[in-house]
Amino acid sequence: MEETKQNEKLSKPKIAILATFALVLLFIFTFGCYGCSYQPVFEEPTIEEAIDVVSRLAGNRWEIDDTEGIPALPELFGLCLKEISFGSAVVQASELEMTLTATNRAVLFGRLVFNEDGGFAMYYEGDVLPITISYSQSRDGNSEMVTLVGQESNTHCYYLKR
């Protein structure tokens, strides 16, 4: 009888310690992946950073991350862009030609331009579109992403490098 009481007294602290340990592990696993995730750019890049981004984008193709479907961008005439390709020839140090492939639509041509006042902008037929463009890289450096955000609709489209 005394032996079972002693086991109960010993088992309760052990259970508490194990439960706490399990919660700590759960917390680490849940929030540990945050360090691997993409860190969005909230500040406008400097001209040196913009030149670096343009060199990283040049000659590359980016496909939509369609895990949640392909959102339409009202700021781009309601089109659903499934792919963005950047030209390999740099127009200027901070500009690139863009080829935009939409679903059920002909290919569109635009231009990525860096403005020191507003960051990267998308130009279509000579007009600036109300779309913010940012580039980000995973912390481990294995993945890259281009994000288009509609300034009026706040629609986010994420494109992964292919």
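Please refer to the structure higher up on the page.
Report follows, based on the coordinates. (Residues numbered from 1 in each chain as written. Predicted model: local features only at pLDDT ≥ 70, side-chain atom pairs only at ≥ 80, totals over all residues. Heavy atoms only, no water.)

Things to note about the pairing of strand E7 (residues 144-150)
Regular strands have side chains that alternate between both faces of the sheet.
Okay, so step 1: In terms of burial, E7 is largely enclosed, as 7 of its 7 residues are buried.
Okay, so step 2: Bridge count for strand E6 (residues 127-137) against E7 is 7 bridges, and the pairing is antiparallel. Within the sheet, the bridge partner assigned to Ile133 lies in E7 and is Leu148.
Okay, so step 3: Counted along the chain from E6 to the antiparallel partner E7, the turn is 6 residues long, and its residue Gly141 has a positive phi close to 80°.
Okay, so step 4: Pairing analysis gives 5 bridges linking E7 to strand E8 (residues 156-161), with the strands arranged antiparallel. Considered in E8, the bridge of Leu148 is made with Cys157.
Okay, so step 5: Once E7 ends, the chain turns through 5 residues before running back antiparallel as E8, passing Asn154 with a positive phi of about 60°. (Buried < 20%, exposed > 50% of the residue type's maximum accessible area, 1.4 Å probe, protein only. Helix = DSSP H or I, 4+ residues; strand = E, 2+ residues; numbered from the N terminus. Pairing = 2+ DSSP bridges.)

A word on the pattern of salt bridges
Okay, so step 1: In the structure shown here, the tally under the stated rule is 7 salt bridges.
Okay, so step 2: With a closest N to O distance of 3.2 Å, Glu63 and Arg162 form a salt bridge. Here Arg162 lies in the segment after E8 and Glu63 lies in strand E1 (residues 61-64), a separation of 99 residues in the sequence.
Okay, so step 3: When its relative accessible area of 23% is taken as the criterion, Glu63 is described as partly exposed.
Okay, so step 4: Between Arg111 and Glu95 there is a salt bridge, and its shortest N-O distance comes to 3.6 Å. Of the two residues, Arg111 is situated in strand E4 (residues 108-115) and Glu95 in strand E3 (residues 95-102); the sequence distance between them amounts to 16 residues.
Okay, so step 5: Residues joined in a network through salt bridges with shared partners are Arg61, Glu63, Glu83 and Arg162. (Salt bridge = Lys/Arg side-chain N within 4 Å of Asp/Glu carboxyl O.)

Treat this as a map of the structure, not an account of what it does.
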